[in-house]
Amino acid sequence: MTVKLECPFYKGPNLLPKYRVKSFLTPGRSLETPVDILLYNRVKAGLIDLLGARAYFASRVLTPYCYTLDVEIKLDEEGYVLPASHHEIIYRRIALCIDGHKRFCANTHHLLGKEVIKQRHLKLLGYDVVQIPFYDFDKLWDRAEIVEYLHKKIFPHSYRLSW
């Protein structure tokens with residue numbers, strides 16, 4: 001997968017068939033670090049306030065390359081948010097990475113290597129990746145602060161008249 005995404009021009013030898021796997025996923029386990037559910041619930045509540053309804057974003061979306069998106073938001077050509085169930089022409093896809101403590105190196109703000117690779121691959125797949133790190137989000141307590149923070153992170157070039 002990494003060779004296909006990062007070196008599509010590579011024409012050299014591939015792995016022997018006995019070493020190839022479609023996915024590293026096994027039942028009930030994944031190489032990905034699971035989303036912090038408490039942080040996710042706070043982000044979800046803010047997204048509902050920001051977007052107007054739960055129908056405008058999807059959670060735990062599986063990509064064609066077996067990455068799981070914490071949250072996916074779809075936009076049309078004019079930048080309007082589409083319902084998560086919309087599967088026709090999608091102009092832009094936003095992947096929210098809700099990064100809790102376990103996705104970072106101990107006592108630092110440095111993402112684990114596998115999380116950095118995941119975000120790089122999502123960008124190569126055409127997603128706009130927006131990182132929501134715990135250390136920024138933990139400072140927000142008021143619901144209006146959360147909505148304003150999410151608006152600035154997800155839609156940095158648009159102005160919202162009222163919450």
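First things first, this report covers the structure right here in the doc. Quick caveat: nothing in here was measured; it's all calculated off a predicted structure.

## Quick look at helix α3 (residues 113-124)
Think of an α-helix as turning once every 3.6 residues; residues three or four places apart then point the same way.
Line of reasoning, step 1. When the terminal C-alpha atoms of α3 are compared, their 17 Å separation across 12 residues agrees well with the 16 Å that a helix rising 1.5 Å per residue should span.
Line of reasoning, step 2. Looking only at α3, the buried set comprises Glu115, Lys118, Gln119, His121 and Leu122. End-on view of α3: buried residues confined to an arc of 160°, all on one side of the axis.
Line of reasoning, step 3. On its buried face, α3 is in contact with α1 (2-6), β2 (68-75), β4 (92-99) and β5 (127-133).
Line of reasoning, step 4. Trailing α3 by a residue or two, Gly126 shows a phi angle of about 100°, which is positive.

## Observations regarding the pairing of β2
Line of reasoning, step 1. By the criterion of burial, β2 is predominantly enclosed, with seven of the eight residues buried.
Line of reasoning, step 2. Inspection of the sheet shows strand β1 (residues 58-62) paired to β2 by four bridges, in the antiparallel sense. Counted as the bridge partner of Ala58 is Glu72 from β2.
Line of reasoning, step 3. Between β1 and β2, which pair antiparallel and follow one another directly, the connecting turn spans five residues, one of which, Cys66, has a positive phi of 65°.
Line of reasoning, step 4. For β2 and β4, the ladder comprises five bridges, and the chain directions are antiparallel. Bridge pairing in β4 links Val71 to Leu96.
Line of reasoning, step 5. Of the pairings in the sheet, the one linking β2 to strand β3 (residues 81-82) comprises two bridges and is antiparallel in character. Residue pairing in the sheet places Lys74 in a bridge with Leu82 of β3.
Line of reasoning, step 6. The turn joining β2 and β3, which pair antiparallel and follow one another in sequence, is formed by five residues; a positive phi near 90° is taken by Gly79.

Rules used throughout
Residues numbered from 1 in each chain as written. Predicted model: local features only at pLDDT ≥ 70, side-chain atom pairs only at ≥ 80, totals over all residues. Heavy atoms only, no water. Helix = DSSP H or I, 4+ residues; strand = E, 2+ residues; numbered from the N terminus. Expected span 1.5 Å × (residues − 1). Buried < 20%, exposed > 50% of the residue type's maximum accessible area, 1.4 Å probe, protein only. Arc of directions from axis to C-beta. Contact = heavy atoms within 4.5 Å. Pairing = 2+ DSSP bridges.

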